[in-house]
Amino acid sequence: MFKAQFFTVLVFFFLFFSFSYAQSGFGTVFYDDLREGMSSPNVLSLQKILNSDPATQVAVLGPGSPGNETQYFGKATRAAIIRFQNKYAAEILSPAGLSSGTGYVGPLTRAALNRISLGLNSENSGNSENESGNPLNNFTGQFGSASEELHLAFPSSYEGKTGSTIILSGSGFTPTSNTVHLGPNKIENIKAQNSSMISLTIPQNISPGRYEISVSNQKGIAPEKSFFVVTAPGSARPVIEKVEPTVGGLNQSIKITGANFSPTGNEVRSNFGIFSNLSSSDGKTIIFTPQFSLAADLQSGLDKVNGLELKMNFYVVNGNGVSGKNNPGVYIIKNI
Amino acid sequence: MKRKIAIIIAIFLVTAAASGFIFYRTNGAGLPYGGMVITSFFCPCSGNWLLTIGPPMGGTFMYNNTPQFAHEQLPRVGVWSVGLYTPGGICLVPVTHGCAPVGVPKGTITPTVGTSL
């Protein structure tokens, strides 16, 4: 009898949580662009968001209709995206200088989708004050208003040629008179799209290379810095092809094999630290031994927690650009 | 008879739990957070991280070495991170006799997370 009562309670418990999850919104964050012809789970999430609004429904019946969403980005999805972009023109089209939707899900469209997906300011399409140009930037729009402090969060891209346009996310940007410092180069009198977004076109007179980015305006200079690589015409970004070993301890020397590494000044940016001034005599290999700032604690954890694995993800950055966003090098830290 | 009922309920229970889990995994349901990683503390007994995330939507969160979207830079201090978290989580550190929890995390970061580089 007790067992039956116990199971009954558990059933209600699990049903409650299943229902709770089902009611908790889309919760998807779109990190990559989407276009017609693609198939991916993100398209399924995209269609669900589009179908949540009758004005942007993918289809009324059949594939793509509410409850029948698919992973395929076809013509109906593209048409729905165009309606979505036109509906939220102030935050998607205007900053890009467009007058009508394109059907391509780029950074501005993703930002709007993410905002809706995460339930942030879902009905202020006409108010650009809290909008953004990068998925991460859904949150920078939450900073506040005119009195907010100046902060630089991140660029929409970390590499590009002169003439390319990037979006800097942050807070405290003023309507006019922002200055972006790209290394020693000052790009002045930049207008902000809103207090959390600056659209910056890389001037033609900037030499190729890796630069620190900072932002200043009448509020002072942002305490944070980011980076951007101005690539030369015809240059090819670093490529990580192989990591050896793939598994090892904290004091392991790691060899990266790939292409387009610089003779000097390569940087490995990892989730466990940034390792700078790395050389590559042949342009194809980088060998480095990471110095972990929390090495003692990490080793203690590896010793205490049976089977613990810590995944180090890393990218190579140099004057040629940044190694592929979707293909980081991976080294698993574990006791072997 | 009681045994049959128990088995039926158990099957129902597992199905209900699994459907909830699958929905959770598919949609990455959770509460949003976002900001710059200000501090990153490794918890040697639990093998995870206690992170302090700054404004605009910050707090103290656990990061359990789960997969991430680009650029996968948690738990590095200084990166900007945005994603979803679920309430709960614990950071265990060594004490004289065994391990003890520290901090009061707002929640645990789910795999639905992206970072700056």
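Located above this text is the structure these notes cover.
Residues numbered from 1 in each chain as written. Chains lettered and ligands numbered in written order. Predicted model: local features only at pLDDT ≥ 70, side-chain atom pairs only at ≥ 80, totals over all residues. Heavy atoms only, no water.

J.: Outline the overall build of chain B, supporting the account with residue identities and numerical values.
T.: Across its full length, chain B carries 1 helix and 7 strands. Listing the helices and strands of chain B from first to last along the sequence gives α-β-β-β-β-β-β-β. Within chain B, contacts between residues separated by at least 24 positions form 62% of all contacts whose residues are at least 6 apart in sequence. Element-wise, carbon and sulfur atoms account for 71% of the exposed surface of chain B, whose accessible area totals about 5,100 Å². (Helix = DSSP H or I, 4+ residues; strand = E, 2+ residues; numbered from the N terminus. Contact = heavy atoms within 4.5 Å. Areas by Shrake-Rupley, 256 points an atom, 1.4 Å probe, with all protein chains shown as cover.)

J.: How would you explain the pairing of strand S4 (residues 178-182) of chain A if you had to name every residue and give the values?
T.: Residues and elements named next belong to chain A. S4 sits mainly inside the fold: 5 of its 5 residues count as buried. What sits between the antiparallel neighbours S4 and strand S5 (residues 185-190) is a turn of 2 residues, in which Gly-183 has the positive phi angle 65 degrees. Note: S4 against strand S8 (residues 209-217), 4 bridges, orientation antiparallel. Counterpart to Leu-182 in the pairing with S8 is Ile-213. (Buried < 20%, exposed > 50% of the residue type's maximum accessible area, 1.4 Å probe, protein only. Pairing = 2+ DSSP bridges.)

J.: Let's hear about the sheet that holds strand S2 (residues 48-57) of chain B: which residues, and what values?
T.: Residue and element names in this part refer to chain B. Read around the barrel, 5 strands follow the order S1-S2-S3-S7-S4 and close on themselves; strand pairing throughout is mixed. Strand-to-strand twist in this sheet, taken as the mean axis angle between neighbours without regard to direction, amounts to 55 degrees. Direction of pairing for strand S3 (residues 59-63) relative to strand S7 (residues 107-115): parallel, over a ladder of 2 bridges. Bridge pairing links Met-62 to Thr-108 in S7. (Axes fitted to C-alpha atoms, helices over the stretch in contact; angles between N-to-C directions.)

J.: Which residues make up the sheet that holds strand S6 (residues 192-194) of chain A, and what values do they have?
T.: Residue and element names in this part refer to chain A. One open sheet holds the 4 strands; their spatial order is S1-S3-S7-S6, and the pairing between them is antiparallel. Every interior strand has two partners, whereas the edge strands, strand S1 (151-155) and S6, have only one. Sheet twist, expressed as the mean angle between neighbouring strand axes with direction ignored, is 30 degrees. Alignment of strand S3 (residues 165-171) against strand S7 (residues 197-201), held across 5 bridges, turns out to be antiparallel. Its bridge partner being in S7, Ile-167 is matched across the sheet by Ser-199.

J.: Tell me about the nonpolar core, residues and numbers included.
T.: Judged by nonpolar contacts, the single largest core of 36 residues is most densely connected at Ile-256, Phe-288, Leu-310, Met-312 and Ile-333 of chain A together with Leu-74 of chain B. Per-element tally for this core: the top contributor is strand S17 (residues 310-318) of chain A, with 4 residues. If sequence neighbours within four positions are ignored, Ile-256 of chain A has contacts with Ile-240, Lys-242, Phe-261, Val-268, Lys-284, Thr-285, Ile-286, Phe-288, Phe-314 and Val-316 of chain A. Among the nonpolar cores identified, the runner-up in size contains 21 residues, and Leu-34, Ile-81, Ala-112 and Ile-116 of chain A belong to it. (Core = buried A, V, L, I, M, F, W, Y, C linked by side-chain atoms within 4.5 Å.)

J.: Please set out the packing of aromatic side chains residue by residue, giving values where relevant.
T.: Each aromatic ring pair is characterised by the separation of its centres together with the angle its planes make. Under the definition given, this model contains 11 aromatic pairs over all chains. On the numbers, 5.9 Å between centres and 85 degrees between planes, the contact of Phe-272 of chain A with Phe-292 of chain A is edge-to-face. Pair noted here: Phe-272 of chain A is in the loop between strand S14 (266-270) and strand S15 (273-278) and Phe-292 of chain A is in the loop between strand S16 (285-288) and helix H6 (295-304), with a separation of 20 residues, a long-range link. Neither Phe-272 of chain A nor Phe-292 of chain A differs from the other in exposure class; each is buried. Every member of this aromatic cluster is reached through a ring pair, and the members are Phe-272, Phe-275, Phe-288, Phe-292 and Phe-314 of chain A together with Phe-42 and Trp-49 of chain B. (Phe/Tyr/Trp six-rings, centres within 6.5 Å; stacked < 30°, edge-to-face > 60°.)

J.: Please provide a residue-by-residue account of the state of the cysteines, values included.
T.: Residues and elements named next belong to chain B. Going through the model one piece at a time under the given rule, you end up with 2 disulfides over all chains. Covalently, Cys-43 is tied to Cys-91 through a disulfide, its sulfur atoms 2.1 Å apart. The disulfide joining Cys-43 to Cys-91 has a torsion of about -110 degrees about its S-S bond and is therefore left-handed. Of the two residues, Cys-43 is situated in strand S1 (residues 31-43) and Cys-91 in strand S5 (residues 91-95); the sequence distance between them amounts to 48 residues. Among the residues examined, Cys-43 registers a relative accessible area of 0% and is labelled buried. There is a disulfide in this structure between Cys-45 and Cys-99, and the S-S distance comes to 2.0 Å. (Disulfide = S-S within 2.5 Å.)

J.: Talk me through the side chain of Thr-174 of chain A; I want residue IDs and the actual numbers.
T.: Residue and element names in this part refer to chain A. On the secondary structure map, Thr-174 appears in the loop between S3 and S4. Residue classification places Thr-174 among the buried residues on the basis of a relative accessible area of 8%. One polar contact links the side chain of Thr-174 to the main-chain carbonyl oxygen of Thr-176, over a distance of 2.7 Å. If we skip the residues at most four places from it in the chain, Thr-174 touches Ala-192, Asn-217, Gln-218 and Lys-219. (Polar contact = N/O pair within 3.5 Å; in protein donor to acceptor, adjacent residues only side chain to side chain.)

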